[in-house]
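Listed here are the chains, written in short residue letters.
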Amino acid sequence: MAARIIDGKQVAKDMREELKAKVATLKEKGIVPGLAVILVGEDPASRSYVSAKEKACEEIGIYSDDNRLPADISQEELMAVVEEKNNDPKINGILVQLPLPGSLDESEVLLAIDPAKDVDGFHPMNVGKMIVGEKSFLPCTPHGVVQLLARSGVEVDGAHVVVVGRSNIVGKPVANMLSQKKENANATVTLCHTRTKDMAHFTKQADIIIAAAGRPNTITADMVKDGVVVIDVGVNRVEDATRKRGYRLVGDVDFDAVKEKASLITPVPGGVGPMTITMLLYNTVESAENS
Ligand code: GUN
């Protein structure tokens, strides 16, 4: 079986059109949703994520408040910036780009964000609400994965989902969200990680694989069954002398080989990536609607 490729860009575009209409309705009421983006340091990958987020905000009419801070900023100074955004009525969402430089205490910063403005869904209050199935801001990448599955017509209810990777940003929350007793969920979820013995034993049983390990070729064709649905969350740079910038982006899945066995598969780039930013816009609009 040769897979249908899930077009994340198109799904994201459809969702952004819906959000644009919501922003227009809010503007009629005199409300402009505002997102504060806080980037500490010069990490090139983080800078390009943040630029993409700011551009996406502009495109749908969200006010983007850009805060680029030096890598040597003190914990106190960073906490003061977060506090200022907590108290700014123009700001509905606050995003602190992770990872922070090693000298800073990430947990303390995330805990300082007002949970009502935590559009990343990383505050322990929102994480707790998500786990018990209460309404909360859902973290953007896992929520994007759930939306991508739903909008591609994939039956998740009763399916065996194998998640590969246990990060706080993707693996753990997506495993939790898909096992909720809810619409677009109700899956049987197996969470594999670096200490899993014989990973292929589990991935071969999967109806749906979510690869979020952060390593190229984590999922190869011999590890999957025919007809599997594959969502590739990985974004890895591999050297490529034929490209002007000297590298290309690949996911965690051996795309060319796995697509010959899968029924549906996401590419990298153009799969999950555009959905992450879209769900950030979604949370920011929702926060403005709640305010
Ligand atoms: N770094 C990688 N992914 C994310 C994300 O979704 N949000 C934030 N704040 N930082 C990230």
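Above this note sits the structure.
Definitions and limits used
Residues numbered from 1 in each chain as written. Predicted model: local features only at pLDDT ≥ 70, side-chain atom pairs only at ≥ 80, totals over all residues. Heavy atoms only, no water. Pairing = 2+ DSSP bridges. Helix = DSSP H or I, 4+ residues; strand = E, 2+ residues; numbered from the N terminus. Axes fitted to C-alpha atoms, helices over the stretch in contact; angles between N-to-C directions. Contact = heavy atoms within 4.5 Å. Parallel < 35°, antiparallel > 145°, perpendicular 65-115°, else oblique. Left-handed = near helix turned anticlockwise from the far one by under 90°. Nonpolar A, V, L, I, M, F, W, Y, C, P; charged D, E, K, R; others polar. Patch = residues over 30% accessible without salt bridge, like charges linked within 9 Å, V, L, I, M, F, W, Y side chains within 5 Å. Areas by Shrake-Rupley, 256 points an atom, 1.4 Å probe, with all protein chains shown as cover. Salt bridge = Lys/Arg side-chain N within 4 Å of Asp/Glu carboxyl O. Near = heavy atom within 4 Å. Polar contact = N/O pair within 3.5 Å; in protein donor to acceptor, adjacent residues only side chain to side chain. Buried < 20%, exposed > 50% of the residue type's maximum accessible area, 1.4 Å probe, protein only. Lys, Arg positive; Asp, Glu negative; His and termini not counted. Charge placed at Lys NZ, Arg CZ, Asp CG, Glu CD.

Hydrogen bonds between backbone groups are what pair the strands of a sheet, and the pairing can be parallel or antiparallel. Read across the sheet, 3 strands follow the order E3-E2-E4 without closing on themselves; strand pairing throughout is parallel. Where the open sheet ends on each side, the last strands, each with one partner, are strand E3 (63-69) and strand E4 (93-96). Taken pair by pair, the neighbouring strands of this sheet meet at an average axis angle of 15°, ignoring direction. In this sheet, E3 lies alongside strand E2 (residues 34-40) in parallel orientation, the contact comprising 7 bridges. The partner of Ala36 across the bridge, within E3, is Asp65. The strands touched by helix H3 (residues 75-86) within the sheet are E2, E3 and E4, with E2 carrying the most contacts at an inclination of about 175°.

What follows covers the packing of helix H1 (residues 8-28) against helix H10 (residues 272-290). If you want to describe how two helices pack, look at the angle between their axes and the distance between the axes. Taken N-terminus to C-terminus, the directions of H1 and H10 make an angle of 15°; their axes are 9 Å apart at the nearest point. As far as their axial angle goes, H10 and H1 are roughly parallel. Of the two elements, H1 crosses H10, and the hand of that crossing is left-handed. Touching Gly8, Lys9, Val11, Ala12, Met15, Arg16, Leu19, Lys22, Val23 and Leu26 of H1 are Pro274, Met275, Ile277, Thr278, Met279, Leu281, Tyr282, Val285, Ala288 and Glu289, all from H10. For the contact of H1 with H10, the per-class residue count stands at 14 nonpolar, 2 polar and 4 charged.

Judged by side-chain polarity, Val127, Ile131 and Val132 come together as a nonpolar surface patch covering roughly 250 Å² of accessible area. With respect to the helices and strands, Val127 occurs in helix H5 (residues 124-132).

Neighbouring residues of the ligand: Leu95, Val96, Gln97, Leu98, Asp120 and Phe122. Between the ligand and the protein, one listed contact pairs a nitrogen atom with a side-chain N or O atom of Gln97 at 3.2 Å. Taking 280 Å² as the accessible area of the ligand by itself, protein coverage stands at 85%. Residues belonging to the shell around the ligand are distributed by class as follows: 4 nonpolar, 1 polar and 1 charged.

Here the structure, examined in full by the defined rule, presents 13 salt bridges. Close ionic contact of Glu59 with Lys55 constitutes a salt bridge, the shortest N to O distance being 3.5 Å. Here Glu59 pairs with Lys55, and both are found in helix H2 (residues 44-60), just 4 residues apart, close to one helical turn. One salt bridge in this structure joins Asp240 and Arg248, with 3.0 Å as the shortest N-O distance. A relative accessible area of 11% means that Asp240 is categorised as buried. When salt bridges with common partners are traced through the structure, they connect Glu54, Asp66 and Arg68 into a single cluster.

Another point: a positive patch on the surface. There is a patch of like positive charges on the surface, built from Arg166, Lys172, Arg195 and Lys197. As for its position among the elements, Lys197 is in the loop between strand E6 (188-192) and helix H8 (199-203).

This brings us to the packing of H1 against H2. It is at 9 Å that the axes of H1 and H2 come closest, and there the two elements cross at 60°. With respect to H2, the element H1 is oriented oblique. Along its contact with H1, which presents Arg16, Leu19, Lys20 and Val23, the element H2 presents Ala56, Glu59 and Ile60. In the contact of H1 with H2, the residues fall into 4 nonpolar, no polar and 3 charged.

Further remarks concern the environment of Lys22. Among the structural elements, Lys22 can be located in helix H1. Taking relative accessible area as the criterion, Lys22 reaches 36% and is therefore assigned partly exposed. Taking the C-alpha atoms as reference points, Lys22 and Lys53, separated by 31 residues in sequence, lie 18 Å from one another. Those residues in contact with Lys22, other than ones at most four positions away along the chain, are Val285 and Glu289.

What follows deals with unusual backbone geometry. For the bond from Leu98 to Pro99, the omega torsion is 0°, close enough to zero to count as cis. Counting through the fold element by element, Pro99 comes out in the loop between E4 and helix H4 (106-112). The amide bond that connects Val268 to the next residue, Pro269, takes the cis arrangement and shows omega of -5°. Looking at where Pro269 falls in the secondary structure, it is placed in the loop between strand E11 (264-265) and H10. Its identity is not glycine, yet Asn186 carries a phi of approximately 60°, on the positive side. Relative to the assigned elements, Asn186 resides in the loop between helix H7 (171-179) and E6. Judged by relative accessible area, Asn186 falls into the partly exposed class, the value being 29%. For Asp198, which is not a glycine, the phi torsion comes out positive at approximately 55°. Topologically, Asp198 is positioned in the loop between E6 and H8.

It is worth stressing that arrangement in space is one thing and function is another; only the former is reported here.
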